Structures are given as C-alpha cells and as structure tokens.
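Topology and contacts: notes
So you can see what is in the structure, the chains are spelled out below.
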Amino acid sequence: MTDLLNKLPVKGEVWEHTKTGKRYVIEGSAFNAITDKIDVRYAPLYACEYQHFTRQIIGHEKAFLSNNEDGQPRYTKIEMTKPAYSLEDQSETDADMEVHLALKAAGLL
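Residues numbered from 1 in each chain as written. Predicted model: local features only at pLDDT ≥ 70, side-chain atom pairs only at ≥ 80, totals over all residues. Heavy atoms only, no water.

Here the focus is the pattern of salt bridges. The tally for this structure, following the rule as stated, stands at five salt bridges. Between Glu27 and Arg41 there is a salt bridge; the shortest N-O distance is 2.7 Å. Of this pair, Glu27 sits in strand β2 (residues 23–32) while Arg41 sits in strand β3 (residues 37–44), placing them 14 residues apart in sequence. Residue class for Arg41 comes out partly exposed when judged on its relative accessible area of 35%. A salt bridge links Lys77 to Glu79, with the nearest nitrogen and oxygen atoms 3.7 Å apart. Using a relative accessible area of 60% as the deciding quantity, one classes Glu79 as exposed. The network of salt bridges with common partners includes Glu13, Lys77 and Glu79. (Salt bridge = Lys/Arg side-chain N within 4 Å of Asp/Glu carboxyl O. Helix = DSSP H or I, 4+ residues; strand = E, 2+ residues; numbered from the N terminus. Buried < 20%, exposed > 50% of the residue type's maximum accessible area, 1.4 Å probe, protein only.)

Each aromatic ring pair is described using two quantities: the centre-to-centre distance and the angle formed by the ring planes. Here the structure, examined in full by the defined rule, presents ten aromatic pairs. With 4.3 Å between their ring centres and 10° between their planes, Phe64 and Tyr75 make a pair best called stacked. Here Tyr75 lies in strand β5 (residues 75–78) and Phe64 lies in the loop between β4 (53–56) and β5, a separation of eleven residues in the sequence. Owing to a relative accessible area of 4%, Tyr75 belongs among the buried residues under this scheme. Among the aromatic residues, those joined into a cluster by ring pairs are Trp15, Tyr24, Tyr42, Tyr46, Tyr50, Phe53, Phe64 and Tyr75. (Phe/Tyr/Trp six-rings, centres within 6.5 Å; stacked < 30°, edge-to-face > 60°.)

If you walk across this open sheet you meet the five strands as β4-β3-β2-β1-β5, and the pairing is antiparallel. Each edge of the open sheet is held by one strand with a lone partner, namely β4 and β5. Strand-to-strand twist of the sheet, defined as the mean angle between neighbouring strand axes without regard to direction, takes the value 45°. Here four bridges tie strand β1 (residues 14–17) to β5, and the two strands are oriented antiparallel to one another. In the sheet register, His17 faces β5, and the bridge partner there is Tyr75. (Pairing = 2+ DSSP bridges. Axes fitted to C-alpha atoms, helices over the stretch in contact; angles between N-to-C directions.)

Structure below.
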C-alpha cells in the first residue's frame, strides 16, 4: 500500500502520456460517486478542445496508474528539479518552456 501511495499523482506535478508524449498538469483528485472510485483530474499542457480530463487512478485497464499493452506505464511523472525554463538558461527546450508557462498561467508557480 505504501508503494501505491508513493506513486499517486499530486496536485501541481506534470505527467506525460507515454504513447503520445503529451504532458498534463495534475489538478487534484476527486471521489466519483457513480463508480465509488477515486479519479485524478488533469489539464493538458498543449492546445486542446478540452480544458480538463479525469481518469480513474486504479482499478481499470486504462486507469491513470495502469500499464499500456506493451507493459509500459500509461503515464510517467516528469521530474523537475529546477524551473523548467529561465531566461538565464537558454539551453532548455521549447517544450520545457511551454510547461513552465502553462504552470505559471494556472497559478501553480
């Protein structure tokens, strides 16, 4: 159980879909009264017709913490030990800058 708790997505973290490479910021979790399961709510860090997504954390074949058909995790947490982009360090990628700006716009930085 402790291992699972360490894997749970936390508000403000950035996670990447392993098949598409698209990144999302975790907005939080919610109890789904229809399924009696905990869902994770996350927002895309790319242009998208939807502002938010929700997905069951565990207990479904396509749950947030499930594995793809190839055995790889469906989503992986992006570790950021420093700001994703700064004017002083121009070596960061455009994708990192996009993530940083999206987090700042969402009030998470």
